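# Secondary and tertiary structure notes
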Amino acid sequence: MPTLIYLPGLHGDWTLVTRFRLAIQDQVRFVEFTYPRTLEWSLADYADALEELLLENEIDRGWLLGESFGSQLAWPLAGAEKKFKAEGVILAGGFGRHPMRFGVTSAKAFCAGLPLRIITWALFFYAPFARFRFGNSPEALAGVKEFIARRTRVDTCAATHRLKLVANNDPSELAKNVKVPIHHLSGFWDPVVPWPMVWSWLKKYCPTHCGSRLIGTADHNLLATGTEKAVQIICEWITAES
């Protein structure tokens, strides 16, 4: 089966991709990462560590599925000289240079000053909402419980550091050097990364951009809220290029 390597978003782990994993696992070899809670790494450091682990596990090629923040790691993995060979890139709620850098900087400042008790309070109300959002899948709900349990002060600091990396990143030159197909998938209801602005950036800087698709019922976390459609579209893209 083709290899699909999932690069998680700002939360940095497996906890919100359960529905998607279960839906696609019979069609691809699904590879996942959990990011370390570092406050020191650059995006290049992340990419180097990802490549090292892939090669250690005898994975030297595959498709990259960059979700939100994870898309920032897909650019150096696909656009720079690497031993790992990307066969294609799918940006799921992803982007090149973030279209609203002021919003990212504001979010970073907000997260940095947020007391842990406020985070705990917010997660308390997130739990019942997640049951509605992710359906009645026991596996998906277990993932949500893990997601809540892993949101600690150290985790918040790491996420704040990742926001800083996003605010300062401009992968325009890397995008120009990508030789493999780039696909973009977005949820229609996405205020975090406005998709019209991402489309414009990809058309300007990415010569191998093959097009973009919208999932009308999904939000920013489209792999969880538009799972069935996302699996269909992604498998079509991978099959067409194989």
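Residues numbered from 1 in each chain as written. Predicted model: local features only at pLDDT ≥ 70, side-chain atom pairs only at ≥ 80, totals over all residues. Heavy atoms only, no water.

## A short note on the pairing of strand β4 (residues 85-92)
To keep it simple, the criterion reads: A simple rule labels every residue: compare its accessible area, found with a 1.4 Å probe on the protein chains alone, to the largest value its type can have, and call it buried under 20%, exposed over 50%, or partly exposed in between. Strands are runs of DSSP state E lasting at least 2 residues, helices are runs of H or I lasting at least 4, and numbering of each runs from the N terminus. Here the rule is simple: two strands pair whenever DSSP picks up at least two bridges between them. The crossover handedness rule: strands pointing away from the viewer, path from first strand over the helix to second strand clockwise, crossover right-handed.
Burial analysis of β4 places 6 of its 8 residues in the buried class, the great majority of the element. Taken together, the 7 bridges between strand β3 (residues 61-67) and β4 define a ladder with parallel strand orientation. What sits directly across from R61, in β4, is K85. Regarding topology, helix α3 (residues 71-79) serves as the crossover connection from β3 to the parallel β4, and that connection is right-handed.

## Some points on the packing of aromatic side chains
Cut-off, in case you're wondering: The rule is short: rings of Phe, Tyr and Trp, with Trp giving its six-membered ring, pair when the centres are within 6.5 Å, and they are stacked under 30 degrees, edge-to-face over 60, tilted in between.
One pass over the structure, following the stated rule, counts 11 aromatic pairs. Taking the centre distance of 5.4 Å and the plane angle of 80° together, the rings of Y35 and Y46 count as edge-to-face. With Y35 in the loop between β2 (29-32) and α2 (43-56) and Y46 in helix α2, the pair connects residues that are 11 residues apart, well separated along the chain. Both residues of the pair, Y35 and Y46, count as buried. When the ring of W195 is compared with that of W199, the centres are 4.9 Å apart and the planes differ by 45°; the resulting orientation is tilted. Highlighted residues: W195 and W199, both in helix α9 (residues 195-205), separated by 4 residues, approximately one helical turn. Given the relative accessible area of 16%, W195 is considered buried. An aromatic cluster is built from Y35, W41, Y46 and F69, whose rings are joined through pairwise contacts.

## Some details on the sheet that holds β3
This is how the line gets drawn: Under this scheme, a helix contributes an axis fitted over its contacting stretch, all axes are lines through C-alpha atoms, and angles between N-to-C directions fall in the 0 to 180 degree range.
Taking strand neighbours across the sheet as the criterion, the 6 strands line up as β2-β1-β3-β4-β5-β6 in an open arrangement whose pairing is parallel. Bordering the open sheet on either side are β2 and β6 (209-219), each of which pairs with just one other strand. Adjacent strand axes in the sheet meet at a mean angle of 25° when their direction is disregarded. Looking at chain direction, strand β1 (residues 3-7) and β3 are connected through 4 bridges and run parallel. Each bridged residue has a counterpart across the sheet, and for Y6 the counterpart in β3 is L65.

## Considering the pairing of β2
Two faces make up the sheet, and in a regular strand the side chains alternate between them. Looking at chain direction, β1 and β2 are connected through 4 bridges and run parallel. When the bridges of β2 are listed, Y6 appears paired with E32. Regarding topology, helix α1 (residues 18-24) serves as the crossover connection from β1 to the parallel β2, and that connection is right-handed.

## Some remarks on α2
Applied cut-off: Expected span of a helix, by definition, is 1.5 Å for each gap between consecutive residues, and there is one gap fewer than residues. Residue contacts are defined here by distance: any two heavy atoms, one from each residue, within 4.5 Å place the two residues in contact.
With 14 residues, α2 should reach 20 Å at 1.5 Å per residue; the first-to-last C-alpha distance of 20 Å fits that figure. Looking at the buried positions of α2, the neighbouring elements they touch are β1, β2, α3 and α7 (153-167). In the stretch just after α2, E58 is the one whose phi turns positive, near 60°.

## Section: the nonpolar core
Defined as follows: Side-chain atoms within 4.5 Å are what join buried Ala, Val, Leu, Ile, Met, Phe, Trp, Tyr and Cys residues into a set we call a nonpolar core.
Within the largest apolar cluster, 34 residues are counted, with the highest numbers of intra-cluster contacts made by I5, L7, L64, L73, W75 and V89. Judged by nonpolar contacts, the second largest core, of 23 residues, contains I24, A92, L222 and A230.

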